[in-house]
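These are the residues of each chain, in order.
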Amino acid sequence: MIKVVKSLFSLRSYGFKFDKWALLLCLLVLLPTFVWMAFPVPDDVLRIESCTPVWDTVGSVFQTVMMAALCLLRNRQASSRCSVPLRWSIVAMLFLYWLAWFLYYAGFFNMLILMLLVVPPCLCFVLFAWERRNALALLSAIGFLCCHLVFAVMNFL
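Nothing here was measured: the structure is a model prediction, and the numbers come from that model. (Residues numbered from 1 in each chain as written. Predicted model: local features only at pLDDT ≥ 70, side-chain atom pairs only at ≥ 80, totals over all residues. Heavy atoms only, no water.)

Colleague: It is not clear to me how helix α5 (residues 111-131) should be interpreted in this structure. Could you clarify?
Modeller: In an α-helix, one turn spans 3.6 residues; hence positions three or four apart end up facing the same way. With 21 residues, α5 extends 30 Å between its outermost C-alpha atoms, agreeing within 8% with the 30 Å of an ideal straight helix rising 1.5 Å per residue. For α5, the N-terminal capping position is held by Asn110, with its side-chain oxygen 3.0 Å away from the main-chain nitrogen of Leu112. Within two residues after α5, Arg133 carries a phi angle of roughly 55 degrees, on the positive side. (Helix = DSSP H or I, 4+ residues; strand = E, 2+ residues; numbered from the N terminus. Expected span 1.5 Å × (residues − 1). Polar contact = N/O pair within 3.5 Å; in protein donor to acceptor, adjacent residues only side chain to side chain.)

This is the structure in structure tokens:
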């Protein structure tokens, strides 16, 4: 465990290398949002003026850094392939996220659906960053999750 943490935070362990699986994950998570922006839901409760603009800006910065770090920075000591349990955990999080969007488009919206729109996509990135031992992406994903939760709680609950 100490070796994992040490390699996670050692700058010498990192190099620039494009990760096609990270890009695919980013696209799979962002696709429902692109659809939502292009084809709004009637009576769209998610399209509100945010009461947390500073948190939103900080969250956007975390999100951008996270995606860039996942796609462009590689820890040389990490495996290039996900372990099977983590892979299935990421797939499960994606499924829950896409299911929440499907339910939202079907006209359902409650606290559970809101949390399914917020938590699972962030956990996809947290799990992927952990597997890749990418500290910058991991810390950014956790920061993005926190900001995303603050936005959801303050604006909808």
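Past the structure itself, the notes keep going.
Colleague: What is the right way to read unusual backbone geometry from this model?
Modeller: Only a minority of non-glycine residues have a phi that is not negative, and only a minority of peptide bonds are not trans. Even without being glycine, Asp43 reaches a positive phi, approximately 55 degrees. Within the secondary structure, Asp43 sits in the loop between α2 (20-38) and α3 (53-72). In this structure Asp43 comes out as exposed when scored by relative accessible area, which is 75%. Positive phi is not limited to glycine here, since Arg133 has a value of about 55 degrees. Along the chain, Arg133 turns up in the loop between α5 and α6 (135-156). (Buried < 20%, exposed > 50% of the residue type's maximum accessible area, 1.4 Å probe, protein only.)

Colleague: Sorry if this is basic, but what is going on with the packing of α3 against α6 here?
Modeller: Each pair of packed helices can be summarised by the angle the axes make with each other and by the distance between the axes. In the contact formed by α3 and α6, the axes pass within 8 Å of each other and the chain directions differ by 150 degrees. On the basis of their axis angle, the class for α3 and α6 is roughly antiparallel. As for the relative orientation of α3 and α6, their crossing is left-handed in sense. Facing Trp55, Asp56, Val58, Gly59, Phe62, Gln63, Val65, Met66, Ala69 and Leu70 of α3, the residues of α6 in contact are Leu136, Ala137, Ser140, Ala141, Gly143, Phe144, Cys147, Val150 and Phe151. (Axes fitted to C-alpha atoms, helices over the stretch in contact; angles between N-to-C directions. Parallel < 35°, antiparallel > 145°, perpendicular 65-115°, else oblique. Left-handed = near helix turned anticlockwise from the far one by under 90°. Contact = heavy atoms within 4.5 Å.)

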